[in-house]
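Below are the chains, spelled out letter by letter.
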Amino acid sequence: MYIVNINGKDYESAQDKKLLRFLRDDLHLTATKDGCSEGACGTCTVLVDGKKTKACVPLLSKLAGKKILTVEGIDPEEMKIYEHCFAEAGAVQCGFCIPGMIISAKSLLDVNLSPTREDVKKAIRGNLCRCTGYKKIEEAILMAADFFREKKVIPPQPTVLHMNEHFKRIDAAEKVNGTGIFADDIYLDGMLYAKPVYSKYPRARIDRIDVSKALAHPDCVKVLTKKDVPCNKIGHIKQDWDVMMGEGDITRYVGNVLAVIASEKQETMEEIASLVEVDYTELTPVTTPQDALKGDAPMIHEDGNIMSRANLVRGNADEAIKNSKYVVTRKYKTTWQEHGFMEPECCVALPEGEDGLLIYTTSQSVYDVQRECATMLKLEPEKVHCHAPLVGGGFGGKEDMSVQQYAALMAWVTKKPVKVKFTRQESLSYHVKRHPMEMEFTTACDENGILTGMKGVIIADTGAYASLGGPVLHRACTHAAGPYNYQNIDIFGMSVYTNNVVSGAFRGFGVSQSCFATEMNINLLAEMAGIDAWEFRRRNAIKPGDVLPNGQTADPNTNMAACLDALKEEYDKHPYAGIACGFKNSGTGMGKKDIGRVLLSVEQGKIHIRTSASCMGQGIGQMVLTEICHVTELDPALFVFEHADTVRTPNAGTSTASRQTVVTGEAARRVGEKLKLALEGGKTLADLEGQEFFGEYSVKTDPLGAIKDNPVSHVSYSYGAQLIVLNEDGKITKAVSAFDVGTPVNIQSVEGQIEGGMVMGIGYGVTEKFECVDSYPKSKFGTIGFMRADEAPELEVILCEPEEKDKLPYSLGAKGCGELCMIPTAPACAHAYYRYDGKFRQTLPLDDTPYRRKK
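Colleague: Help me understand the overall build of the protein chain in this model?
Modeller: Across its full length, the protein chain holds 21 helices and 31 strands. Along the three orthogonal principal directions, the C-alpha set of the protein chain runs to about 80 × 70 × 60 Å. Of the roughly 29,500 Å² of accessible surface on the protein chain, a fraction of 50% belongs to carbon and sulfur atoms. When the 99 basic and 113 acidic side-chain charges of the protein chain are each reduced to a single mean position, those positions are 3 Å apart.

Structure representation (structure tokens):
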């Protein structure tokens, strides 16, 4: 028997197990998160005799006589300070890392109430955050130190809320104190634990699958194979993804599932899964798009190896380039990037009613989960009820199904609750990544540095399945020429199937890749023309009334030039400063259906905000609350924000394409106007008890290739420029963003999104590398190169708002910022290193820097 003291109380365990598993599985102290179980992420940090410790490391036998403190054990009055400071500073986004951050903060502040920022960085070095860029977490801890030291009183929350204000997020407290529930925090009586069995090879013929030994295991409840799947093809857009593969099939990547086992005990899942016997005939995988396009290449899918094509032609690029003074042609190559969200994918499914399912899952749209699981089970969608707990980061990586289909299938067959969760390594190996792209771009300008035309070819590796490869390719092409005023464009793109890990949606959505190529060519053109790189961009920056390279007329709210102006002084100050520009659409656009919806219901004196728009950390709840309060002037305390649910919340589409702020934000503004009207004449909420109000906004856009002089591809664009500053040693010391995102909804949230995006962009450009060798993923979570707090540079955000009369007429002038924030970062890094050592780098991540030396 093992006795451990946790939060002042002794607990017994008959088994010697990891502290993390005892806390979560036995005691259900779920504020301590399981982000990796490898000692790398810090989400499971606790105090052991006052020292921060990762709970996934020690066994209970090593903790006898020691006192363990989790977030749940922190004194409530002390916790109120952390709740206030983390919310006030804007330190909370997805929230999955925050309880671990609180523990690390406490380990510092218990011994030092006057820390420096460097002290704070050191204290949280063991805690990864993928959302914030660390700056606001550091400021929250410094603020908490000030409150504790000076014994400050928490001020009351304001009773009015408008756009462009500092305001504590509606979801912050539960993420700080650990009471917020993520999918893996759900424990149900009689719950089974299921695990997929994956292919050993990226490409092989499956000759035999024998599950008899697995079934004979005393803890095994069920083993499912392909024959148990009612409909075996699902997919986010294109239905090409195999739920499972069976005997006679040829695998497409190592993430193909051959069987799913269910155990009564979590600890025996791996053992049972290892008992499934599979015989293969190994085949040579297709590892590059170039190999996939060869005439003798094997067909990865029946409809061929070219998944999608895109072509954008405006004007006469060949003629413009031929007549130009300066012309640059270069090839560029970008590789995969891992999302690295702190919460691994998890789903809990259980029977509901006589013939339905209830699914709790981390995702970017509960309606997408409903549609795909209903398709698989051949059920009417309303039979599949999906509910979103908190979502611990997404960045595009939780648009596709990952574990949901297997939890749903096992729950449907066994009629029992089932949990399926990726280990961190499974998440790395099997979920989607950023698309690798190879590009050849030609860009031209006249003798004055005015851009005249460009041609480009983009080849994207979409991996084994389509995922979001089609739209990603479209965005890469439509944004490839950059936020500049020239119209002679010829861009062709192909997205190609291979046997590699699947590529899908990722913050930036194809634009990060093509932006790198164009910005690098612009640096060379500026040199040839004898013009400063900042000045070259300023001369060509898109302005209101100009025509973007994709043909759309720039709206009055376009403020690209102001973004560059805001960086001029800082750029001139540093000899090793790199600059780049970018732009990003809001909304799916391209003629596709794009609708935001918000429902308000007055229940027991509170106004419930109901929308399915998924919050992965970007602050959907605060966004819609702000839009509504700005219109109605009602006290924010009167509102309750509900989690996305296919029964309770109307379909607001997927949280993708930086669309929710504009599309669902406008729906929120409209429903706010309706509520305001209903309260006229002295009416109170009591008079509206039981009533509902509905707001909807549907975007009208033109499809790619529309026969119009100036097609409207997207409802709006956000614009920005970034600066990366190196020191004499080639280390990145500062990153500055000047962005036009319209009217900020919530200042802390906008700044926090941009700061986090800058650090993620530095990772993409310089520090991170996801390895996939011969179609086998090789990376480990702790060695990919995610930036930690003590490595992140100084971050500065400058918001360049258009004038009030020019602002977007929707969503009270707000535009998206969640993707734009990392698009110019990698090319800005590359330009900084070009100025530093004269080496022109054409691949990402950049080689031969202090962060990644040549091997």
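Colleague: Sorry if this is basic, but what is going on with the nonpolar core here?
Modeller: A general tendency of soluble globular proteins is for nonpolar side chains to be buried together. Ranked by size, the top nonpolar core spans 149 residues in total, and within it Y82, F86, I137, I458, M560, I724 and F781 carry the most contacts. Dropping the residues within four chain positions of it, I724 is found in contact with Y576, A577, G578, I732, K734, A735, I762, T825, A828, C829 and A832. With 70 residues, the next largest nonpolar core counts V211, I234, L258 and L409 among its residues.

Colleague: Is there a simple way to think about the sheet that holds strand β27 (residues 716-726) in this case?
Modeller: By way of backbone hydrogen bonds, the strands of a sheet pair with one another, either parallel or antiparallel. Taken in spatial order, the 4 strands make up an open sheet running β22-β27-β28-β31, and their pairing is mixed. With partners counted over all chains shown, the strands left at the sheet margins are β22 (577-586) and β31 (794-799), one partner each. Adjacent strand axes in the sheet meet at a mean angle of 15° when their direction is disregarded. Bridge analysis of β27 against strand β28 (residues 732-740) gives 8 bridges, and the strand direction is antiparallel. Counterpart to G720 in the pairing with β28 is F739. Packed on one face of the sheet, helix α17 (residues 560-573) meets β22, β27, β28 and β31 and runs near 10° to β27. Strand contacts of helix α20 (residues 747-767): β27, β28 and β31, with the helix running at about 125° to β31, the strand carrying the most contacts.

Colleague: When you look at the packing of aromatic side chains in this model, what are you seeing that I'm missing?
Modeller: To describe a pair of aromatic rings, you give the distance between the ring centres and the angle between the ring planes. Enumeration according to the criterion identifies 18 aromatic pairs in this entry. Plain terms: the ring middles of W241 and Y465 are 4.8 Å apart, the flat faces sit at 10° to each other, and that makes the pair stacked. Placement of the pair is W241 in strand β10 (residues 241-242) and Y465 in the loop between β20 (451-463) and α14 (469-478), with a sequence separation of 224 residues. Residue W241 is classed as buried on the basis of its relative accessible area, which comes to 10%. The interplanar angle of 80° and the centroid separation of 5.5 Å between the aromatic rings of Y834 and F840 together place this pair among those described as edge-to-face. Residue Y834 is classed as buried on the basis of its relative accessible area of 16%. An aromatic cluster of three or more residues is present, and its members are Y332, F516, Y834 and F840. Across the ring face of Y851, the terminal group of K731 is positioned such that the distance to the ring centre comes to 5.5 Å.

Colleague: Even after reading the chapter, I still don't get the pattern of salt bridges, so can you show me in this structure?
Modeller: Any two side chains of opposite charge can pair, on the condition that their charged atoms come close. Inspection of the entire model under this criterion finds 75 salt bridges. Where D806 meets K805, a salt bridge forms, and the shortest distance between an N and an O atom there is 3.2 Å. The network of salt bridges with common partners includes R21, R24, D25, K33, D34, D184, D185, K419 and K421.

The rules behind each value
Residues numbered from 1 in each chain as written. Predicted model: local features only at pLDDT ≥ 70, side-chain atom pairs only at ≥ 80, totals over all residues. Heavy atoms only, no water. Helix = DSSP H or I, 4+ residues; strand = E, 2+ residues; numbered from the N terminus. Areas by Shrake-Rupley, 256 points an atom, 1.4 Å probe, with all protein chains shown as cover. Lys, Arg positive; Asp, Glu negative; His and termini not counted. Charge placed at Lys NZ, Arg CZ, Asp CG, Glu CD. Core = buried A, V, L, I, M, F, W, Y, C linked by side-chain atoms within 4.5 Å. Buried < 20%, exposed > 50% of the residue type's maximum accessible area, 1.4 Å probe, protein only. Contact = heavy atoms within 4.5 Å. Pairing = 2+ DSSP bridges. Axes fitted to C-alpha atoms, helices over the stretch in contact; angles between N-to-C directions. Phe/Tyr/Trp six-rings, centres within 6.5 Å; stacked < 30°, edge-to-face > 60°. Lys NZ or Arg CZ within 6 Å of the ring centre and 35° of its normal. Salt bridge = Lys/Arg side-chain N within 4 Å of Asp/Glu carboxyl O.

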